[in-house]
Amino acid sequence: MTSNVAILDVSNIKYTSPGREALRRLFHHRSAILGMIILGFLLILAIFAKQIAPYDPIQLLRDVDRREPPCIHLLGCAADQPQHLFGIDGNSRDLLSRVIYGSRLSLQVGLSTVSFAILIGGVIGAIAGFVGGWLDDVLMRIMDVLMAFPSLLLAIAIVSFLGTGLINALLAIGIVSIPRFARLVRSTVISVKELEYVVAARSIGANQGRILFGHIIPNSLTPLIVQATLGIATAILDAAALSFLGLGAEPPRPEWGLMLGEERNSIFNAPHLVFFPGVAIMLTVLGFNLLGDGLRDALDPRLRGTAAG
Amino acid sequence: MKYRWVYALFALFVVASMVIAGCQPAPVATEAPAAQPTAEVVVPPAEPTTVPAVETPAGRNNYVEMKVEAPDCEYGGEFKSIETVDEFTVKFTLCYPDADFPSKVAFSVFSIADKEYLDANSGDSVKMSEAPNGTGPYKLKEWVRGDRVIYEANPNYWGTAAAIPNLVFRWSEQSAQRLLELQSGQVDGIDNPAPEDFATIEGDANLALYPRPALNIFYIGFNHNVAPFDDVKVRQAIAYAIDRQRIVDQYYPEGSQVAKVFVPPALKPGYSDAVDWYPYDPEMAKTLLKEAGQENLEITLSLRNVVRGYLPTPDKVAQEIQAQLAEVGITVNINVMESTAFIDATAAGTEGFYLLGWGADYPGATNFYDYHFAADTNLQFGDLYPDLVEEIRAAGKISDPAARQVHYDKVNQLLKDYVVMIPVAHGASATAFKASIGGAHASPLSNEVMGVLTSDSDQFVWMQSGEPATLWCIDETDGETLRACEQIFEALLSFKVGSTEVEPGLAESYVANDDATEWTFTLRQGVQFHDGALLDASDVVASYAAVWDAASPNHVGRTGNFEYFTAFFNKFLNATE
């Protein structure tokens, strides 16, 4: 009799998949929601930049003076003046349009470098963790060497070697982010490969490739997702830093770091020129960090069932 | 822990090496804080070792007769001979007339050093910078590399001694930082404030702005040996596509002018009223590009991101040009290069399209035309145009202004016809000082003289854009370096403070023969070098011989190129080619 009750109880528990559970907790995580709002806004700006931006970001405006402060009709700017919400930059271009187009570039930079790093780093880490032995040692020592350098310094060295330019800067940032992902994947692969379901797969005769790609990697993805989100933030910052130093995006490309670097001397007489790109970088990085934090909390199996955040 | 003793030994080794390292004198770490930029801190008393106290008594005389002579004028240089006539008279014999000779010898690169001192240092600029021994109003106290140069007044100066006993040179690339230091009172005078800060300085009752007249040219250079600039139509198209007026309006401070020829209007003979540059006409540019078959042209624009009086905002102007050319369908890639690498590359003729400029060293048209379009060693515009060279050389060798102008009119017309370069602007710049500084000025030649300043304080701190390379300038071209040398060394003649007028310097007077080929200078008597030696005619001959005669043991300098000598006086004697 008692056993029947027990069976009934179990069948009554509503089953939620781990993914759905994580999603539920993510949407209850306050800072993650904030992060998602910021990033959603950014995404819309980036996708519809052409429709939203009032001017071409690289077009010189003929009827204005360079470095003019913002002219907003609502705030008392004369109505016969053309409206420039963020003012005019040092080459008499509309700053608002440049900042909007810059979001496109920053998202591309973040996504492309991190995908590159995950792809290369993930493969290296998975192989090292799964195969083990001397291969693990060799690969991980190489990663250690890469990690021993401060990441921005290494990126500068790589860019100096490859030559300046946005693509080379992306490549450099991608390369310096590899070890982080390689180590992460390796450690999860090592912990996962000893779990029962892997042993079970092996015992029914699954081959190595199938075990690695079918069982181990899919189950090592969660920490990677968190790390990738946070990694995008770092990559955007690094790219901005490289552009600031004149090693990344080439003018006249509307890149936030480049916009900052070009106008760093006018911080006192035209502060809007460094304020708006600076705020844009800050908000983007903040958005990714908040989302990353939220994801980490949501995907942490130890917190399963509790209300996060 | 089988090998515990190995680890122990290693740890011991690490600790020991750290202790040893800690006991070493750490010059940078300990000295740097002492040299913090505080205006009121009087510079620490420097050891007298910086200016070596030579045992010989002050006012010692070391005159010897000297004569350096070229066997003939076939070697291609300007000098035939330089000789001492007597203790205080020196005579230059030239191979061809040179109307600008007084201006050239007034230029600070050709300063006079003591012969014994020059021999002792074998003319090595770097060595001489340790203890520069000049005749100027200031002498070196200490050069803290990477931080500041500290001078003290020369009590034995032959002219009016400097009123401020201590002079400090500092530097920062960032115009915002220079202004900030001036506003906060850390420095007393700055060079080249950014044009957009002019209004701030003028509005501040504690500061004063001194505009520097535009005696310079900013141009967009072409190398006609590099495709696609070998096609004159392409060069013309670009000339039509550039809106020079807009560049000057947007990026230059007040007082700047749109350039229509290669020299500023103040230089007559040289400037041509009659020659007008191509007007801004993008449609014409497109037509020309079509004719040249270059409708989808992609080119690279090279520049150095270094602020000079002729180009206050290089990166911005480059982007402006990029955008202007985009309007006629030319794609421009901007290539920012390191300053020295850029200068070397343009001079070697590898850059096809670039931004460069020139500030006058002396107020003469030869200073502009000869160096750029008639010097064999300068390949920046590609192979020389023979008819252009002929006109420039002809103009340089006669002294009648009207006759020279006829040649220069032709030169300017040829420059336009060939579109050798696009003259864009004569840029005004400025210096800024604390309002309390007396005698403050801005020199059109950028050679501000600190010896004439007066102040309530016993120290004057000057902040410029860059650190000097050396303090003996015979082999230097950078204005930042020259200004630092000029406080210590003096030339035969000099430029009136804040002006381009030549006035007596170490020479009291000079006479030339009728065809301007023999120049005799009478030196001032009783002029003392900082180490006590007296100035005499052999010092002048030795100083000139060191740079003119390539076989001289003192022909060392810093790089050994002596660009200014070859630009002013053509070839070296005994050159090994």
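Everything here concerns the structure above.
As the structure is a prediction and not an experimental result, all values here were calculated from the model. (Residues numbered from 1 in each chain as written. Chains lettered and ligands numbered in written order. Predicted model: local features only at pLDDT ≥ 70, side-chain atom pairs only at ≥ 80, totals over all residues. Heavy atoms only, no water.)

### Description of the overall build of chain B
Counting its secondary structure elements, chain B contains 18 helices and 20 strands. Against the compact-globule benchmark of 25 Å for 577 residues, chain B has a radius of gyration of 26 Å, which places it among compact chains. For chain B, the spread of C-alpha atoms along the principal axes amounts to about 80 × 75 × 60 Å. If you sum the accessible surface of chain B, you get close to 23000 Å²; carbon and sulfur atoms cover 53% of it. Side chains of chain B carry 38 positive and 80 negative charges; the gap between the two charge centres is 3 Å. (Helix = DSSP H or I, 4+ residues; strand = E, 2+ residues; numbered from the N terminus. Rg over C-alpha atoms; globule rule 2.2 N^0.38 Å. Areas by Shrake-Rupley, 256 points an atom, 1.4 Å probe, with all protein chains shown as cover. Lys, Arg positive; Asp, Glu negative; His and termini not counted. Charge placed at Lys NZ, Arg CZ, Asp CG, Glu CD.)

### Focus: the side chain of H272 of chain A
Residue and element names in this part refer to chain A. The topology assignment puts H272 in helix 13 (residues 272-299). The class for H272 is buried, based on a relative accessible area of 8%. Side-chain polar atoms of H272 contact the backbone oxygen of I88, separated by 3.4 Å. Apart from the residues within four sequence positions on either side, H272 is in contact with R67, E68, P69, P70, F86, G87, I88, L95 and P277. (Buried < 20%, exposed > 50% of the residue type's maximum accessible area, 1.4 Å probe, protein only. Polar contact = N/O pair within 3.5 Å; in protein donor to acceptor, adjacent residues only side chain to side chain. Contact = heavy atoms within 4.5 Å.)

### Looking at the sheet that holds strand 20 (residues 518-523) of chain B
Residues and elements named next belong to chain B. Here five strands make up an open sheet; going across it, the order is 1-2-3-20-19 and the pairing antiparallel. Looking at which strands have only one partner, the edges of the open sheet turn out to be strand 1 (67-69) and strand 19 (507-512). Within this sheet the neighbouring strands show an average axis-to-axis angle of 15 degrees, counted without direction. Relative to strand 3 (residues 89-94), strand 2 (residues 79-86) runs antiparallel, the two being bridged by six bridges. Of the residues in strand 3, the one forming a bridge with E83 is K91. Contacts from helix 17 (residues 537-548) reach strand 1, strand 2, strand 3 and strand 20, with the element oriented near 160 degrees to strand 2. (Pairing = 2+ DSSP bridges. Axes fitted to C-alpha atoms, helices over the stretch in contact; angles between N-to-C directions.)

### A few points about the sheet that holds strand 8 (residues 207-212) of chain B
Residues and elements named next belong to chain B. Strand order across the open sheet formed by seven strands is 4-5-6-16-7-15-8, with mixed pairing between neighbours. The sheet is open, and its two edges are formed by strand 4 (138-144) and strand 8, each paired on a single side. The mean angle between the axes of side-by-side strands here comes to 20 degrees, regardless of whether they run parallel or antiparallel. Where strand 8 lies against strand 15 (residues 429-434), six bridges are found, and the strand directions are antiparallel. Along strand 15, the bridge assignment pairs R212 with S429. The strands touched by helix 6 (residues 175-183) within the sheet are strand 6 (166-171), strand 7 (189-191), strand 8, strand 15 and strand 16 (459-464), with strand 7 carrying the most contacts at an inclination of about 170 degrees.

### Quick notes on the packing of aromatic side chains
Residues and elements named next belong to chain B. The final tally for this structure, using the stated rule, is 54 aromatic pairs over all chains. When the ring of F101 is compared with that of F521, the centres are 6.3 Å apart and the planes differ by 50 degrees; the resulting orientation is tilted. Highlighted residues: F101 in helix 3 (residues 101-106) and F521 in strand 20, separated in sequence by 420 residues. This pair shows no difference in class: F101 is buried, exactly as F521 is. The interplanar angle of 55 degrees and the centroid separation of 5.4 Å between the aromatic rings of F565 and F569 together place this pair among those described as tilted. Here F569 and F565 lie together in helix 18 (residues 563-569), a separation of four residues that amounts to about one turn. As far as burial versus exposure is concerned, F565 and F569 are alike and both buried. Against the face of W143 rests R145, its NZ or CZ located 3.8 Å from the ring centre. (Phe/Tyr/Trp six-rings, centres within 6.5 Å; stacked < 30°, edge-to-face > 60°. Lys NZ or Arg CZ within 6 Å of the ring centre and 35° of its normal.)

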